[in-house]
Amino acid sequence: GNAPVLGEYLDCACSGIMACSTCQVVVDKKWFDIVGHPEEAEQDMLDLAYNPQESSRLGCQIVLGSTMDGLVLMLPKGSNNMMDNIPFDD
């Protein structure tokens, strides 16, 4: 997945398993149809994201390919990390 690369710029709290929204990116509107729209489970996570936009996607769910050379993404100014509120066993 894209989580290791995205992790250089974003929190990516769940390591790419679509259990948070910290890797939210905003796809430039010119690219949104090429990148593709989020599926229902991804949209559910985006609904919990920091200030989601119409063209928001979870970066870990974008499948990169040669048709995306030059892709323009914007990074949100913050993130909502739902993983911070999960009581993990020590």
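Here goes a summary of the coordinates provided. (Residues numbered from 1 in each chain as written. Predicted model: local features only at pLDDT ≥ 70, side-chain atom pairs only at ≥ 80, totals over all residues. Heavy atoms only, no water.)

## Quick look at the environment of Asn 80
And step 1. With respect to the secondary-structure elements, Asn 80 resides in the segment after β3 (73-74).
And step 2. Since its relative accessible area comes to 29%, Asn 80 is described here as partly exposed.
And step 3. Expressed as a C-alpha distance, the spacing of Asn 80 and Tyr 50, which sit 30 residues apart in the sequence, is 5.3 Å.
And step 4. From its side chain, Asn 80 meets the backbone oxygen of Ala 49 in a polar contact 3.3 Å long. (Helix = DSSP H or I, 4+ residues; strand = E, 2+ residues; numbered from the N terminus. Buried < 20%, exposed > 50% of the residue type's maximum accessible area, 1.4 Å probe, protein only. Polar contact = N/O pair within 3.5 Å; in protein donor to acceptor, adjacent residues only side chain to side chain.)

## Overview of the pairing of strand β1 (residues 24-27)
And step 1. The alternating pattern of β1 places Gln 24 and Val 26 on one face and Val 25 and Val 27 on the opposite face, and all of these are buried.
And step 2. The pairing of β1 with β3 spans two bridges and is antiparallel. Along β3, the bridge assignment pairs Val 26 with Met 74. (Pairing = 2+ DSSP bridges.)

## Looking at unusual backbone geometry
And step 1. Even without a glycine there, the phi angle at Met 18 is positive, about 60°.
And step 2. Looking at the secondary structure, you find Met 18 in the loop between α1 (3-6) and β1.
And step 3. In this structure, Asn 51 takes a positive phi of about 45° despite not being glycine.
And step 4. With respect to the helices and strands, the residue Asn 51 is situated in the loop between α3 (40-46) and β2 (56-58).
And step 5. Classification of Asn 51 as exposed rests on a relative accessible area of 53%.

## A look at the nonpolar core
And step 1. One finds Leu 10, Cys 23, Val 27, Val 35, Leu 58 and Ile 62 to be the most contacted residues of the largest nonpolar core, which totals 14 residues.
And step 2. Those elements that provide at least two residues to this core are β1, α2 (32-35) and α3. (Core = buried A, V, L, I, M, F, W, Y, C linked by side-chain atoms within 4.5 Å.)

## Regarding the environment of Lys 30
And step 1. Inspection of the secondary structure puts Lys 30 in the loop between β1 and α2.
And step 2. Remark: the alpha-carbon pair of Lys 30 and Ser 55, spanning 25 residues in sequence, is separated by 9.9 Å.

## Description of the side chain of Ser 21
And step 1. On the secondary structure map, Ser 21 appears in the loop between α1 and β1.
And step 2. A distance of 3.4 Å separates the side chain of Ser 21 from the backbone oxygen of Asn 80, its partner in a polar contact.
And step 3. Setting aside its immediate chain neighbours within four residues, Ser 21 contacts Met 45, Leu 48, Ala 49, Leu 58 and Asn 80. (Contact = heavy atoms within 4.5 Å.)

## Some remarks on the pattern of salt bridges
And step 1. All told, the structure shown has one salt bridge when counted by the stated rule.
And step 2. Glu 42 is the salt-bridge partner of Arg 57, the closest N and O atoms lying 2.7 Å from each other. Of this pair, Arg 57 sits in strand β2 while Glu 42 sits in helix α3, and the two are 15 residues apart along the sequence.
And step 3. Looking at Arg 57, the relative accessible area reads 5%, which means it is buried.
And step 4. Judged by its relative accessible area of 3%, Glu 42 is buried. (Salt bridge = Lys/Arg side-chain N within 4 Å of Asp/Glu carboxyl O.)

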